[in-house]
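Descriptive analysis of the structure
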2 protein chains.
Amino acid sequence: MSPTSRVDALSSIDAAAPVDRSNQADVAYDRLKRLILDGALPAGAQMLEQEAATRLNMSRTPVREAMVRLRQEGMVEIRPRHGMRVLPVSARDMAEIYEVLTALEGIAAEAVARKGIAARPLASLRAAVADMDKALEAGDLVNWAEADERFHFQLVQLSGNSRLIQMVGQLWDQAHRARMLTLQLRPTPTNSVTEHAALVDAIASGDPESARQIHEDHRRRAGKMLVELLERLGLTQL
Amino acid sequence: MSPTSRVDALSSIDAAAPVDRSNQADVAYDRLKRLILDGALPAGAQMLEQEAATRLNMSRTPVREAMVRLRQEGMVEIRPRHGMRVLPVSARDMAEIYEVLTALEGIAAEAVARKGIAARPLASLRAAVADMDKALEAGDLVNWAEADERFHFQLVQLSGNSRLIQMVGQLWDQAHRARMLTLQLRPTPTNSVTEHAALVDAIASGDPESARQIHEDHRRRAGKMLVELLERLGLTQL
DNA sequence: GACACAATTTACGTATGCATTATCAGGGAG
DNA sequence: CTCCCTGATAATGCATACGTAAATTGTGTC
């Protein structure tokens, strides 16, 4: 999974892969979102409809549709004469995001533990944990982040709750830039492997309450750390 | 956040009443959504862009934008040659919705209890509970539902978490029709007053864990009841 | 009567046109 | 030098135009 869009990751796993990218509005949506997630359009950056249309080699119509979608996802705001503006993510935003994420991923873990997990996805989760471990030992934070995302993504997918999946994805996208930018500034996530392993064990042994508790604690801790880090650094424009 | 949705239904609460509706796309969005929530466009109903445009006395352009927004909110699907189609809500959907709602409203209650609640909003919550009581004694289920919604809405608002507020609103909207349609079929919510009162007490006394627990149990029970009711009645097209 | 295929209709996706109105520059008043 | 007012500029929101492709209707064959 590339460090790009959650949505892309979704579609790569989802059975019905939308192959037919014959749709300009979708193209615009994907490309604009990619620009934002990758930081090519940083917080506060503005882009006019016509500007984006020229850049994407299409008319304003599909661009406009894409912008409306991005606005609804909380990625940008649309201001009448200034085009879309990439929303900054403040420490307060991250606190909001992680508060919700904690609850949502908590019930995802609970649901998976309750439903029981097949051998294949269980192995996949363990593999992600192993990858995190390897990346940490190699001092490769980017790979660690990738494996971490993969773990959480798979877990949520396994819940089978489409609304849960969609909402978590949206929150992840909102937090993506802040996570990436703080990756090098945050303390090394040495405990993450143990924590994830404990979660997998709780799931494997079919203990929903523990699974939820562990994951909530995990996310809450991560959120607290990130928020404090952002506040300490005075970063309010990520 | 959607300008209308849940918020407008209870606009008496919302401070900023959107008077400026000079925007056709917003008008289209509001009116189409209203049609769906009120059941004028029942599940499975289809409406072409041109059809809606004529009906709303505008061109296809703003109608199209409205439809895109409704799609992203999970209210309709858009099928290339058949316009938008109002999505049915199955028992399984309700299970999904309530699973997420339980978690989200749970942390909302927790957050409010943790932050502490001022006298005014506290009184407002108690008033909603009192209204529920009155409505129940009068055998007026519609009023009961209204007061119940108002209670939950205010509670979530008090959390101050805009993302939480938005997501809960979206889920409520999705579940709205099913709730209304089962209102007369479900057992009388005799316990609801006691449960809500207990939650208010937990919040007033600043007990986040209890508040969360109580609200989660409350929502879980309500969800379970609704899902079972829908399954029993074989209602999969609400 | 059923079915295959062609002609026609039509809904959509996108491009473009246009009136409105916010923004910005420039000049004059204080 | 600063501020206000006015006209030019430009971005938007919406309407409309248009080509494409799906759906539907009609026709002929078996």
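As the structure is a computational prediction, the values presented were derived from the model and not from experiment.

Rules used in this analysis
Residues numbered from 1 in each chain as written. Chains lettered and ligands numbered in written order. Predicted model: local features only at pLDDT ≥ 70, side-chain atom pairs only at ≥ 80, totals over all residues. Heavy atoms only, no water. Helix = DSSP H or I, 4+ residues; strand = E, 2+ residues; numbered from the N terminus. Expected span 1.5 Å × (residues − 1). Bend = angle between axes of the 7 residues up to and from the residue. Polar contact = N/O pair within 3.5 Å; in protein donor to acceptor, adjacent residues only side chain to side chain. Pairing = 2+ DSSP bridges. Contact = heavy atoms within 4.5 Å. Axes fitted to C-alpha atoms, helices over the stretch in contact; angles between N-to-C directions. Domains from an automatic or database assignment. Buried area = accessible area lost by both parts, 1.4 Å probe. Salt bridge = Lys/Arg side-chain N within 4 Å of Asp/Glu carboxyl O. Nonpolar A, V, L, I, M, F, W, Y, C, P; charged D, E, K, R; others polar. Near = heavy atom within 4 Å. 1 Å grid on protein atoms, 1.4 Å probe; cavity = no way out; pocket = protein on both sides within 12 Å on 5 of 7 lines; lining within 4 Å. Points joined across faces, edges and corners; volume = space filled by probe spheres on them. Buried < 20%, exposed > 50% of the residue type's maximum accessible area, 1.4 Å probe, protein only.

What follows is about helix H8 (residues 162–182) of chain B. All names here are of chain B. End to end, H8 covers 29 Å across 21 residues, agreeing with the expected 30 Å (1.5 Å per residue, within 8%). Roughly 45 degrees is the biggest bend found in H8, and it falls at Ala175. Where H8 begins, the capping side chain belongs to Asn161, and its oxygen is found 3.1 Å from the backbone nitrogen of Arg163.

Next up on the list: the sheet that holds strand E2 (residues 76–79) of chain B. Residues and elements named next belong to chain B. Taking strand neighbours across the sheet as the criterion, the three strands line up as E1-E3-E2 in an open arrangement whose pairing is antiparallel. The outermost strands of the open sheet, each flanked by one partner alone, are strand E1 (46–47) and E2. Strand direction decides the pairing type here: E2 and strand E3 (residues 83–86), joined by four bridges, are antiparallel. Looking at the pairing, Val76 lines up with Val86 of E3. Along the sheet, helix H4 (residues 60–72) contacts E1, E2 and E3; its crossing angle with E2, the most-contacted strand, is approximately 125 degrees.

Next up on the list: the domain arrangement of chain A. Many analyses report the size of an interface as the accessible area lost when the parts associate. All names here are of chain A. Annotation of chain A at the domain level lists domain 1 (6–86) and domain 2 (91–233). Inter-centroid distance (C-alpha atoms) of domain 1 to domain 2 is 26 Å. Each partner contributes residues to the interface: domain 1 has 15 residues there, and domain 2 has eleven residues. With both chains or domains summed, domain 1 and domain 2 bury close to 1,100 Å², and 59% of this area falls on carbon and sulfur atoms.

This brings us to the interface of chain B and chain A. Across the contact, 31 residues belong to chain B and 31 residues belong to chain A. Taken as a group, Gln72(B), Arg163(B) and Met167(B) account for 24% of the area that chain B buries against chain A, more than any other trio of residues on that side. Scanning the region where chain B abuts chain A turns up eight salt bridges. Arg212(B) is the salt-bridge partner of Glu216(A), the closest N and O atoms lying 2.5 Å from each other. Viewed at the interface, chain A and chain B are joined by 19 residue pairs in polar contact (both at pLDDT 80 or more). Going through the elements one at a time, H4, helix H5 (91–115), H8 and helix H10 (208–233) of chain B are the ones with two or more residues in the side of chain B that touches chain A. Top contributing element to the side of chain B that touches chain A by residue count: H5(B), with eleven residues. Broken down by class, the residue content of the side of chain B that touches chain A amounts to ten nonpolar, seven polar and 14 charged.

Close contacts around DNA strand D come from 17 residues, with Arg64(A), Pro80(A), Arg81(A), Gln24(B) and Ser59(B) the closest. Each atom of DNA strand D within 4 Å of the protein belongs either to a base or to sugar and phosphate, the latter forming 59%. Within the backbone of Gly83(A), one N or O atom sits 3.2 Å away from a phosphate oxygen of DNA strand D. Measuring from a base nitrogen of DNA strand D, one finds a side-chain N or O atom of Thr61(B) at 2.9 Å. At the level of elements, helix H4 (60–72) of chain A together with helix H2 (24–37) and H4 of chain B are the ones that each hand at least two residues to the surface near DNA strand D. Partitioned by chemical class, the residues of the surface near DNA strand D number five nonpolar, six polar and six charged.

Bringing the layout of surface pockets into the picture now. When its volume is computed, the second largest pocket comes out at roughly 850 Å³. Secondary structure elements with two or more residues in the lining of the second largest pocket: helix H5 (91–115) and helix H10 (208–233) of chain A together with H5 and H10 of chain B. For the lining of the second largest pocket, the leading source of residues is H10(A), giving nine residues. Looking at the lining of the second largest pocket residue by residue, the classes come out as six nonpolar, seven polar and 17 charged.

Our next topic: the protein's contact with DNA strand C. Around DNA strand C, the surrounding shell holds 17 residues, and the nearest of these are Gln24(A), Ser59(A), Arg64(B), Pro80(B) and Arg81(B). Glu49(B) is positioned such that a nitrogen or oxygen atom in its backbone is 3.3 Å from a phosphate oxygen of DNA strand C. Measuring from a base nitrogen of DNA strand C, one finds a side-chain N or O atom of Arg60(B) at 2.8 Å. Sorting the residues of the surface near DNA strand C by element identifies helix H2 (24–37) and H4 of chain A together with H4 of chain B as the ones contributing at least two each. Counting residues per element, the surface near DNA strand C draws most heavily on H4(A), which supplies three residues. Among the residues making up the surface near DNA strand C, the classes are represented as five nonpolar, six polar and six charged.

Oppositely charged side chains are able to pair whenever their charged atoms sit close together. Within this structure, the stated rule accounts for 50 salt bridges over all chains. Note that Glu96(B) is salt-bridged to Arg163(A), the shortest N-O span being 2.8 Å. With Glu96(B) in helix H5 and Arg163(A) in helix H8 (residues 162–182), this pair bridges two chains. By the burial criterion, Glu96(B) is buried, and Arg163(A) matches it.

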